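Next come the chains, spelled out residue by residue.
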Amino acid sequence: MTLRHKALFVHLLTATGAVFAMLAMLAAVDHKWSLMFLWLVVAFLVDGIDGPLARRYDVKTNAPEFDGVLLDLIIDYLTYVFIPAYALFKHPDLMPGWTGWIGIFIITFASAMYFADTRMKTKDYSFSGFPGCWNMVVLVLFALKPGFWVILALVTVLAITMFLPVKFVHPVRTKRWRAVTLPMALGWTGFAGMAAWVNFDPGNWAHYGLVVTSIYLLGAGAAQQVIYGKEG
């Protein structure tokens, strides 16, 4: 297989995320939340793999007719933002009534602006501001089911944080603490799959793993800023 063929394969791999997004949406429409999140976890895994492969095979040089960055952003908006927001709105126990409407408006609008923001990456390839990973947030909310006021406050704070100079680590590209961050991200993926597999059974131990890994992934970038300074 030539280098060009490998680069084209990476684009095809990225595009499978659109298929997984559709499968997740179909499950969400039928209120099959566990199945929806399982498909989103698969899409999350693909998203974690295709980036390193794209850099390894230099897709911009070897398959330039397809814009891998644009393709990735389109799929990320579906799997990270649109479908999770829909699920949060439709689940009867999370954001009922007017809170659901406010939640989906905040999530979809703020995320659209963030995804178009040219300042979203820092010098060390971390994210500047919360990177719109609502799939991760909503999955944890499905598992823990806090009160709707807690959810509304969390959604609002995270949406505001998208446009503040607060760092959030990229599990693969941020070199500092990567030896911890990457296993944490893989652990989160595993715990998420387990929680969804058992239909978010409140007695499942995977929920504790979700909480621990989520706290780390949300706070590691800010901790680096405190320890090493703004450019850290």
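Each value, and the rule that gives it
Residues numbered from 1 in each chain as written. Predicted model: local features only at pLDDT ≥ 70, side-chain atom pairs only at ≥ 80, totals over all residues. Heavy atoms only, no water. Helix = DSSP H or I, 4+ residues; strand = E, 2+ residues; numbered from the N terminus. Expected span 1.5 Å × (residues − 1). Bend = angle between axes of the 7 residues up to and from the residue. Buried < 20%, exposed > 50% of the residue type's maximum accessible area, 1.4 Å probe, protein only. Contact = heavy atoms within 4.5 Å. Salt bridge = Lys/Arg side-chain N within 4 Å of Asp/Glu carboxyl O. Axes fitted to C-alpha atoms, helices over the stretch in contact; angles between N-to-C directions. Parallel < 35°, antiparallel > 145°, perpendicular 65-115°, else oblique. Left-handed = near helix turned anticlockwise from the far one by under 90°. Nonpolar A, V, L, I, M, F, W, Y, C, P; charged D, E, K, R; others polar. Phe/Tyr/Trp six-rings, centres within 6.5 Å; stacked < 30°, edge-to-face > 60°.

Novice: What's the story with helix α9 (residues 206–228) in this structure? I'm lost.
Specialist: Under the 1.5 Å per step criterion, the end-to-end length of α9 is 32 Å for 23 residues, consistent within 8% with the ideal 33 Å. Along its length, α9 reaches its greatest deviation from straightness, about 45°, at glycine 219. Within α9 the residues assigned to the buried category are Ala206, His207, Gly209, Leu210, Thr213, Ser214, Tyr216, Leu217, Ala220, Gly221, Gln224 and Gln225. Where α9 is buried, its residues touch α6 (134–144), β2 (167–168) and α8 (178–197).

Novice: Can you walk me through the pattern of salt bridges in this structure?
Specialist: Close approach of charged atoms lets side chains of opposite charge pair. Evaluated as defined, the whole model comprises 3 salt bridges. A salt bridge links aspartate 117 to arginine 119; the shortest N-O distance between them is 2.9 Å. The exposure class assigned to aspartate 117 is buried, which follows from its relative accessible area of 15%. Here aspartate 124 and lysine 167 are joined by a salt bridge, their closest N and O atoms 2.7 Å apart. Placement of the pair is aspartate 124 in the loop between α5 (98–115) and β1 (127–128) and lysine 167 in strand β2, with a sequence separation of 43 residues. Given the relative accessible area of 4%, lysine 167 is considered buried.

Novice: How do you make sense of the packing of α5 against helix α7 (residues 148–161) when you look at a structure like this?
Specialist: Packed helices, taken two at a time, are described by the angle between their axes plus the distance between the axes. Packing of α5 against α7 brings their axes to within 10 Å, and their N-to-C directions diverge by 15°. Taken together, α5 and α7 sit at an angle that is classed as roughly parallel. The crossing of α5 and α7 is left-handed. Residue-level contacts link Trp98, Thr99, Ile102, Gly103, Ile106, Ile107 and Ala110 of α5 to Phe148, Trp149, Leu152, Val155, Thr156 and Ala159 of α7. Taken together, the residues of the contact of α5 with α7 break down into 10 nonpolar, 3 polar and no charged.

Novice: Just to check I follow, could you spell out the packing of aromatic side chains for this structure?
Specialist: The geometry of an aromatic ring pair is captured by two quantities: the separation of the ring centres and the angle between the planes. Within this structure, the stated rule accounts for 18 aromatic pairs. A centroid spacing of 5.5 Å and a plane angle of 80° characterise the contact between phenylalanine 37 and phenylalanine 200, whose relative ring orientation is edge-to-face. Placement of phenylalanine 37 in helix α2 (residues 33–56) and of phenylalanine 200 in the loop between α8 and α9 is noted, with a sequence separation of 163 residues between them. The buried category is assigned to phenylalanine 37, whose relative accessible area is 1%. Where phenylalanine 142 meets phenylalanine 200, the ring centres are 5.8 Å apart and the plane angle is 55°; that geometry is what we call tilted. Taken as a pair, phenylalanine 142 in helix α6 and phenylalanine 200 in the loop between α8 and α9 lie far apart in primary sequence, 58 residues in all. Across the pair, exposure class does not vary: phenylalanine 142 and phenylalanine 200 are buried alike.

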